[in-house]
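In case you want the letters, here they are:
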Amino acid sequence: MQSSTELLHYMSGFGNEHVSEDPRCPGALPEGQNNPQVCPYGLYAEQLSGSAFTCPRPTNKRSWLYRILPSVCHKPFKPLEEGHLTHNWDEVEPDPNQERGLAPAPLLAPNGLGRNGIAVHIFVCNTSMINRCLYNSDGDFLIVPQQGKLLITTEFGKMLVEPNEICVIQQGMRFSVEVFGETRGYILEVYGAHFELPDLGPIGANGLANPRDFLVPVAWYEDRQVPGGYTVISKYQGKLFAAQQDFSPFNVVAWHGNYTPYKYHLEKFMVINSVAFDHADPSIFTVLTAKSTRPGVAVADFVIFPPRWGVANNTFRPPYYHRNCMSEFMGLIKGHYEAKEEGFQPGGASLHSMMTPHGPDADCFEKASKAKLEPERVAEGTMAFMFESSLSLAVTKWGLQTSNHLDKNYYKCWEPLKSHFNPNCK
Ligand SMILES: O=C(O)Cc1cc(O)ccc1O
Ligand SMILES: [Fe+2]
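Computed from a prediction, not measured in an experiment: that's the story for all the values here.

1. Section: the overall build of the chain
- Helix and strand counts for the chain come out as two helices and 26 strands.
- Taken over C-alpha atoms, the radius of gyration comes to 23 Å for the chain, in line with the 22 Å a tight globule of 426 residues would show.
- Its C-alpha atoms give the chain principal-axis dimensions of roughly 85 × 45 × 40 Å.
- Scored against the burial criterion, the 426 residues of the chain give a buried share of 39%.
- Relative to all contacts within the chain whose residues are 6 or more apart in sequence, the contacts with residues 24 or more apart total 78%.

Next comes the structure, spelled out in structure tokens:
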């Protein structure tokens, strides 16, 4: 088994066409074609399609994998016990209230499993996957570790993903996770769209998450026999299925293509903020977006609230009070969230559903209304994030059953807000 201290290599760039060969087998990539009659080193060629064959070039995604045995060599899939995983969107009565979970957060918010939807999962684990891998037939996983690092072996190679980094494992990619103690995090699952970098509009050609800071693993293979003992798990139509095979699926000696897993360090985000007056909308903090077919409307945005300077004059600097036609699921990787110093804990979560009013707690409002407006560091040492979706989210039965974790007093953080209205004083 690989130790986490081993130095891993990556290739850089978002959505690039990459080529990679395990250095133990130079020349493993066929030259000038994808399907030679016989592949170098006697490998099998296998295409992994991440888009319809006929998608326009900018959205066309596929990779060619050259592997010791093809993925098709497995026994039939059988249903697997799936614990609290569910895609039943109507298990519990809808509830438009502001919801906040204390760590460990129990909120789980799936949406329909058509080709347009999302789910939010919370994971907690302390045991590595041994001779087991998973692939998601339904959609893509954006994984946000909050505690403990993840050493993720994929068909494309290995990635070490630590808190304050994120990774994306796209539809169909097999992966296995090694952990090093108590480990926790969040997963945004998106069906029907892959993540893209947001358009920058008038910002120009650079900024926010820069393409070169996305890292892609390099080819790594093991030729390991596990007679009857390797379990491949597929998440398919919201359920889990397991198939046995006799060998490790991480047998890809070389690959090329633009459909890969990748990771990104949130500290690399080039932050833009208001430098005159007013609070800019949080879309300025979008790291990745999964677009819907409606222009400007995301199935899901991954948004962060990174450390930055706050310099706006004559401005209430924290988030404004608002009601949003989008659903806002928030998590906290470390530190405090600027709009709520208390109650929102690292590893916790909050859900402000479509049109549910929310904003800074009373304490934050009082402080920020009186604060001397000097340049100051905001969110230093912290990292909060938001999964924002144009789709409605529902909490699952499990989320509700574990509601001893739910903060039943969340609404009270706004109760002390009092009227400052005085018709005689402008
Ligand atoms: O609700 C939140 O805390 C997230 C958020 C932050 C912000 O700066 C503006 C709008 C918004 O929804
Ligand atoms: Fe909000």
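2. Regarding the pairing of strand β18 (residues 252–257)
- Of all six residues making up β18, five are buried, and the element is well covered by its neighbours.
- Across four bridges, strand β2 (residues 18–21) lies against β18 in antiparallel orientation. Across the sheet, Glu 21 pairs through a bridge with Ala 254, a residue of β18.
- With five bridges joining them, strand β4 (residues 62–67) and β18 adopt antiparallel strand pairing. Across the sheet, the residue bridging to Leu 65 is Trp 255, located in β18.

3. Some remarks on the UniProt feature "binding site: homogentisate" (unreviewed entry) in the chain
- As recorded in UniProt, the sites labelled "binding site: homogentisate" (unreviewed entry) are His 358.
- Checked against the element boundaries, His 358 lands in the loop between β24 (349–352) and α1 (362–370).
- Setting aside chain neighbours within four positions, we find His 358 in contact with Gln 98, His 322 and His 352.

4. Describing the environment of Ala 394
- Locating Ala 394 in the fold gives a position in the loop between β26 (383–389) and α2 (397–401).
- Taking the C-alpha atoms as reference points, Ala 394 and Ile 304, 90 residues apart in sequence, are found 22 Å from one another.

The rules behind the values
- Residues numbered from 1 in each chain as written.
- Chains lettered and ligands numbered in written order.
- Predicted model: local features only at pLDDT ≥ 70, side-chain atom pairs only at ≥ 80, totals over all residues.
- Helix = DSSP H or I, 4+ residues; strand = E, 2+ residues; numbered from the N terminus.
- Rg over C-alpha atoms; globule rule 2.2 N^0.38 Å.
- Buried ≥ 20, exposed ≤ 12 C-beta atoms within 10 Å, placed from the backbone.
- Contact = placed C-beta atoms within 7 Å.
- Pairing = 2+ DSSP bridges.
- UniProt positions renumbered as here; feature names shortened; annotations may be inferred.

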